[in-house]
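Single-letter residue listing:
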Amino acid sequence: MESLIIGNKSARLPIIQGGMGVGVSLSGLAGAVAASGGIGVISAAQIGFDEPDFYTNCPASNIRALKKHISAARETSFGKGGLVGVNIMAATSEYRAHVQASCEAGADLIISGAGLPADLPGLVQGYERETKIAPIVSTARAVRVILKLWEKKFGRTADLVVIEGPEAGGHLGFSAEQLTALTPDAYDKEIREIISVVNSYGEKFGCQIPVAVAGGIFDKNDIAHALSLGAKGVQMATRFVVTKECDASLPFKEAYLKARACDIEIIKSPVGMPGRAIHNAFLEEIASGPSPVTRCLNCLSGCNPAKAPYCITQALIRAVKGDVDHGLVFCGLNASRLHQMTTVSALMEELTQEDNR
């Protein structure tokens, strides 16, 4: 596998570990992935959940924790051939502050989806050499919109583009109807079209814009298939959950190992977006009636606490800390294929070793 080159930066291996919040991918996991030569990604989503003042001063605790985890991951991986990135949802209420903090802390890459990161280029001005930017898109239409907007408003383009397909975990960039209708062959065609659009912008700006494919990437065959479509790398998340270095609790990881294919379902999140999660008692409770939000932490701009069926922050925190029966356990489509714990280094070796048969 060739290195993943992003402007003046490169990762020895073209594997991006997807950002998973709340608290699933912090400095422990991201640092280990970067130390193995990949791109380790910290999720900024309510990253201060474990800080002592999280409930009394949520914005400040999130910024403090974000800088702390970026610094720790960079220290773990320094000089080992990888990069440290941050995933910041465009729907985050404190989006601007999170981007600024990531730049100040020295993040190599900011990956942004879950909404349109319209102002991201402007927010990283002055840090362009050190902090690269990548939108997450799911359709050719979406990548045309964002790259055209960035060109018109900022006179620049993306450093990397992440294509997140319908088999991904967490919040998804598709309607429920699209998730049912899309076949692998149909989405391969979409991927090729997205890459064609990205390449046209690379030609226009005289640069190479690598594309990474995400959603359902599980093994070497999936990586090879993504590369055959024209991608330069992949992003994968679910497989990294059952590693020793993943920052989630052991019960959270065990929920992945116990999940059967029939346990993985599409849900509707409080912000109206479809998501993929593991069926549990919590989802059954929510299906029978809403759980009123008594304390709003103002995490997502599109969430109305008066109408939300539950608080997604609290549900994700309960899960990552180990209460997997009464929390929200996001996962990718292939979670049921996981059967044992591993380490980041062992997983990276499995994904990249040559077949000598």
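Residues numbered from 1 in each chain as written. Predicted model: local features only at pLDDT ≥ 70, side-chain atom pairs only at ≥ 80, totals over all residues. Heavy atoms only, no water.

Caption draft 1: Structural view of the overall build of the protein. Counting its regular elements, the protein contains 13 helices and 13 strands. Across the protein, the fraction of contacts at a sequence separation of at least 24, relative to all contacts at a separation of at least 6, is 67%. Carbon and sulfur atoms form 49% of the exposed surface of the protein, whose accessible area is close to 15,400 Å². Separation between the mean location of the 34 positive side-chain charges and that of the 36 negative ones in the protein comes to 4 Å. (Helix = DSSP H or I, 4+ residues; strand = E, 2+ residues; numbered from the N terminus. Contact = heavy atoms within 4.5 Å. Areas by Shrake-Rupley, 256 points an atom, 1.4 Å probe, with all protein chains shown as cover. Lys, Arg positive; Asp, Glu negative; His and termini not counted. Charge placed at Lys NZ, Arg CZ, Asp CG, Glu CD.)

Caption draft 2: Representation of the sheet that holds strand β13 (residues 274-278) in the model. In space, the 3 strands of this open sheet follow the order β9-β13-β12, with antiparallel pairing throughout. Each having just a single partner strand, β9 (170-171) and β12 (264-268) make up the two edges of the open sheet. The pairing of β12 with β13 spans 5 bridges and is antiparallel. Among the inter-strand pairings, Ile264 is bridged to a residue of β13, identified as Ile278. (Pairing = 2+ DSSP bridges.)

Caption draft 3: Quick look at helix α1 (residues 27-35). Burial runs high along α1: 7 of the 9 residues are buried. Buried within α1 are the following residues: Ser27, Leu29, Ala30, Gly31, Ala32, Val33 and Ala34. One or two residues past the end of α1 sits Gly37, with phi positive at roughly 100 degrees. (Buried < 20%, exposed > 50% of the residue type's maximum accessible area, 1.4 Å probe, protein only.)

Caption draft 4: Looking closely at the pattern of salt bridges. In this structure the tally under the stated criterion is 14 salt bridges. Across the pair Lys153 and Asp119 runs a salt bridge whose closest N-O atoms are separated by 2.6 Å. In this pair, Lys153 sits in helix α5 (residues 140-154) while Asp119 sits in the loop between β6 (109-112) and α4 (120-123), placing the two residues 34 residues apart along the sequence. Residue classification places Lys153 among the partly exposed residues on the basis of a relative accessible area of 49%. (Salt bridge = Lys/Arg side-chain N within 4 Å of Asp/Glu carboxyl O.)

Caption draft 5: Focus on the layout of surface pockets. By volume, the second largest pocket amounts to about 390 Å³. Lining the second largest pocket are 23 residues; nearest its centre among them are Glu167, Pro184, Tyr187, Asp188 and Gly215. Of all the secondary structure elements, the ones that give two or more residues to the lining of the second largest pocket are α7 (184-205), β10 (211-214) and α8 (220-228). Looking at the lining of the second largest pocket element by element, the count peaks at 5 residues for α7. Looking at the lining of the second largest pocket, its residues break down into 12 nonpolar, 6 polar and 5 charged. (1 Å grid on protein atoms, 1.4 Å probe; cavity = no way out; pocket = protein on both sides within 12 Å on 5 of 7 lines; lining within 4 Å. Points joined across faces, edges and corners; volume = space filled by probe spheres on them. Nonpolar A, V, L, I, M, F, W, Y, C, P; charged D, E, K, R; others polar.)

Caption draft 6: View of α5. With 15 residues, α5 should reach 21 Å at 1.5 Å per residue; the first-to-last C-alpha distance of 21 Å fits that figure. Listed in full, the buried residues belonging to α5 are Ala140, Val143, Ile146, Leu147 and Trp150. In an axial view of α5, the angular spread of the buried residues amounts to 135 degrees, which keeps them on one side of the axis. For α5, the exposed residues lying more than 90 degrees away from the buried face are Arg141, Lys148 and Lys152. Lining the buried residues of α5 we find α4, β7 (132-137), β8 (161-164) and α7. (Expected span 1.5 Å × (residues − 1). Arc of directions from axis to C-beta.)

Caption draft 7: Region of the structure containing the packing of aromatic side chains. Tallied over the full model, the rule gives 4 aromatic pairs. Between Phe54 and Tyr55, the aromatic rings sit 5.0 Å apart at their centres with planes inclined by 75 degrees, giving edge-to-face as the arrangement. Ring centres 5.1 Å apart and planes at 90 degrees place the aromatic pair Phe282 and Tyr310 in the edge-to-face group. A residue pair is termed long-range when its members are at least 10 positions apart, and Phe282 in helix α11 (residues 281-288) and Tyr310 in the loop between α11 and α12 (312-320) qualify at 28 residues. Accessibility expressed as a relative area gives 3% for Phe282, which makes it buried. Sitting over the face of the ring of Tyr201, Lys204 holds its NZ or CZ atom 4.8 Å from the ring centroid. When the ring centre of Phe218 is taken as reference, the NZ or CZ atom of Arg239 above it lies at 4.5 Å. (Phe/Tyr/Trp six-rings, centres within 6.5 Å; stacked < 30°, edge-to-face > 60°. Lys NZ or Arg CZ within 6 Å of the ring centre and 35° of its normal.)

Caption draft 8: Structural detail: unusual backbone geometry. In this structure, the amide linkage connecting Gly21 to the following residue, Val22, adopts the cis form with an omega of 0 degrees. Although it is not a glycine, Gln46 adopts a positive phi angle of roughly 45 degrees. Assignment of secondary structure puts Gln46 in the loop between β4 (39-43) and α2 (58-77). Phi at Ala114 takes a positive value of approximately 50 degrees, unusual for a residue other than glycine. Residue position: Ala114 is located in the loop between β6 and α4. For Ala114, a relative accessible area of 26% translates into the label partly exposed.

Caption draft 9: Here's a closer look at the packing of α1 against α2. Where α1 meets α2, the closest approach of the two axes is 8 Å, and the angle between their N-to-C directions is 30 degrees. With respect to α2, the axis of α1 lies roughly parallel. Considering the relative orientation of α1 and α2, their crossing is right-handed. Counted together, Ser27, Ala30, Gly31, Ala32, Ala34 and Ala35 of α1 and His69, Ala72, Ala73, Thr76 and Ser77 of α2 form the full contact between these two elements. Looking at the contact of α1 with α2 residue by residue, the classes come out as 6 nonpolar, 5 polar and no charged. (Axes fitted to C-alpha atoms, helices over the stretch in contact; angles between N-to-C directions. Parallel < 35°, antiparallel > 145°, perpendicular 65-115°, else oblique. Left-handed = near helix turned anticlockwise from the far one by under 90°.)

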